[in-house]
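Working through the structure, step by step
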Amino acid sequence: MKLAPPPPRFLLPASLALLIALSGLSGFHAEDDPNDTYVYDRTESVLHLSLDAPGGTSLDSGSAAAPVGVFLQRYSWQIWRQPSTGYEEYRDASSTPESGAAVSLSLSENMGTLGDTTLTTNAEGLASTTFSPNGGFGGVYLNAAVENSTASLFFDLTYTSPGDDTYVYSRTEGTLVAELTPTGSTSFVYSGEPRDLSLSVRYETWDVMSNGLGVSRNENLTSAPAEGASVHWVSESGDASVSGYGLVDSVGLCQGSLMMGSGDAIIRAEISYAT
């Protein structure tokens, strides 16, 4: 995934809405055999990579090396299949740190140096390095990749006159970050066909520091599962039926399910989180 500069600020409580669209394809399904139970078929997983700069991403072009952190998680789930219909269910979702993975780092522009270009995650899925500006001005992306997972972190390099570069606390900002994904394809979904929905939600905060020239930078970034966030599942268009659990769990996940209707559908997950 691509990380952009910090999103627009807001006053708590925070709210967020995500949309997912599915295209329908009408079709006939035989009635389920009540004795035909679901059986375990396979386990699937995907890696999720994230980057953060605890000292902020707005740097003076002559600043000392800035710390950079890497966090790698593996999201896993089981697929259970009904033999007679081929229907599949999504079960037992979990998230665990991914240890021993090699993460490759690079810069989009020659405007600084990295302490290391390859990192190996520890038992907590963490790794760290540094980014050092080399006197250039403007923006540079730090890009990271491992297997099919990618992430980027944007550094804004500015110039501050001597004597005016003392940063003081200005305010704290925060945002909800969420991802809504279905199991299986969202194209050509038959009427009456189910889809499991997985919603991942985390809450990020940072302190905004400002100096005498009006230059700001972000410090003390935190990111944690938005445990207890309220989720409202809505079928925004079409006649699909959607339902799901109403709270985000301790690892930042909330599960839902959809039964496809006779035509295209847009599914909406509305999230509210008060701190």
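Structural notes, computed from the coordinates. (Residues numbered from 1 in each chain as written. Predicted model: local features only at pLDDT ≥ 70, side-chain atom pairs only at ≥ 80, totals over all residues. Heavy atoms only, no water.)

1. Some points on the overall build of the protein chain
On a plain count of helices and strands, the protein chain comes out with zero helices and 20 strands. Excluding contacts between residues fewer than 6 apart, the proportion of contacts in the protein chain whose partners are at least 24 apart in sequence is 68%. Accessible area of the protein chain: about 13,800 Å², with a carbon and sulfur share of 52%. (Helix = DSSP H or I, 4+ residues; strand = E, 2+ residues; numbered from the N terminus. Contact = heavy atoms within 4.5 Å. Areas by Shrake-Rupley, 256 points an atom, 1.4 Å probe, with all protein chains shown as cover.)

2. Considerations on the environment of Gly112
Secondary-structure assignment places Gly112 in strand β8 (residues 112-114). With a relative accessible area of 8%, Gly112 lands in the buried category. Considered as a pair, Gly112 and Ala65 are 47 residues apart in the sequence and their alpha carbons are 9.5 Å apart. Apart from residues no more than four positions distant in its own chain, Gly112 is found in contact with Leu107, Phe131, Ser132, Pro133 and Asn134. (Buried < 20%, exposed > 50% of the residue type's maximum accessible area, 1.4 Å probe, protein only.)

3. Focus: the pattern of salt bridges
The final tally for this structure, using the stated rule, is 13 salt bridges. Of the charged contacts in the structure, one is a salt bridge between Arg202 and Glu204, with a shortest N-O distance of 2.8 Å. Each member of the pair, Arg202 as well as Glu204, carries the same accessibility label: buried. Salt bridges sharing common partners tie together Asp41, Arg42, Glu44, Arg81 and Glu88. (Salt bridge = Lys/Arg side-chain N within 4 Å of Asp/Glu carboxyl O.)

4. As for the nonpolar core
What tends to happen in soluble globular proteins is that the nonpolar side chains get buried as a cluster. One finds Leu49, Phe131, Leu142 and Phe155 to be the most contacted residues of the largest nonpolar core, which totals 25 residues. When residues of this core are traced back to their parent elements, those giving at least two are β3 (39-52), β5 (66-81), β7 (102-107), β10 (126-133), β11 (138-146) and β12 (149-158). Among the nonpolar cores identified, the runner-up in size contains 22 residues, and Leu199, Val231, Val242 and Ala265 belong to it. (Core = buried A, V, L, I, M, F, W, Y, C linked by side-chain atoms within 4.5 Å.)

5. Some details on the layout of surface pockets
In this model, the second largest pocket occupies a volume close to 340 Å³. Every residue lining the second largest pocket is counted, 19 residues in all, and those nearest its centre are Val46, Tyr75, Trp77, Glu179 and Thr181. Elements represented by at least two residues in the lining of the second largest pocket include exactly β3, β5, β6 (88-97), β13 (168-182) and β15 (194-210). With four residues, β3 is the single largest residue contributor to the lining of the second largest pocket. (1 Å grid on protein atoms, 1.4 Å probe; cavity = no way out; pocket = protein on both sides within 12 Å on 5 of 7 lines; lining within 4 Å. Points joined across faces, edges and corners; volume = space filled by probe spheres on them.)

6. Here we look at the sheet that holds strand β4 (residues 58-60)
Strand order in this open sheet of five strands is β4-β12-β11-β7-β9, and the pairing throughout is mixed. Strand pairing shows two members of the sheet lacking a second neighbour, β4 and β9 (118-120), which therefore form its edges. Averaged over all neighbouring strand pairs, the angle between strand axes comes to 30 degrees, with direction disregarded. Pairing of β7 with β11, which is carried by four bridges, proceeds in the antiparallel orientation. Bridge pairing links Ser106 to Asn143 in β11. (Pairing = 2+ DSSP bridges. Axes fitted to C-alpha atoms, helices over the stretch in contact; angles between N-to-C directions.)

7. Re unusual backbone geometry
Despite not being glycine, Asp92 has its phi angle at roughly 55 degrees, a positive value. Mapping Asp92 onto the fold places it in strand β6.

8. Some details on the packing of aromatic side chains
For the structure shown, the criterion picks out five aromatic pairs. Measuring from ring centre to ring centre gives 5.2 Å for Tyr203 and Tyr273, while their planes differ by 70 degrees; the resulting arrangement is edge-to-face. In this pair, Tyr203 sits in strand β15 while Tyr273 sits in strand β20 (residues 265-273), placing the two residues 70 residues apart along the sequence. Given a relative accessible area of 15%, Tyr273 falls into the buried group. (Phe/Tyr/Trp six-rings, centres within 6.5 Å; stacked < 30°, edge-to-face > 60°.)

9. Brief notes about the pairing of β12
Extensive coverage of β12 is indicated by the burial of seven of its 10 residues. Pairing geometry for β4 and β12, over three bridges, is parallel. Bridge pairing in β12 links Leu59 to Leu157. With nine bridges joining them, β11 and β12 adopt antiparallel strand pairing. The residue bridging Gly139 from the neighbouring strand is Asp156, located in β12. Once β11 ends, the chain turns through two residues before running back antiparallel as β12, passing Glu147 with a positive phi of about 50 degrees.

10. A short note on the side chain of Ser152
Within the secondary structure, Ser152 sits in strand β12. With relative accessibility at 3%, the residue Ser152 sits in the buried group. Reaching out from Ser152, the side chain makes a polar contact with the side chain of Asn143 at a distance of 2.6 Å. (Polar contact = N/O pair within 3.5 Å; in protein donor to acceptor, adjacent residues only side chain to side chain.)

11. Here's the deal with the environment of Ile267
Note on placement: Ile267 falls in strand β20. Owing to a relative accessible area of 0%, Ile267 belongs among the buried residues under this scheme. For the pair Ile267 and Ser241, spaced 26 residues apart in the sequence, the C-alpha separation amounts to 9.3 Å.

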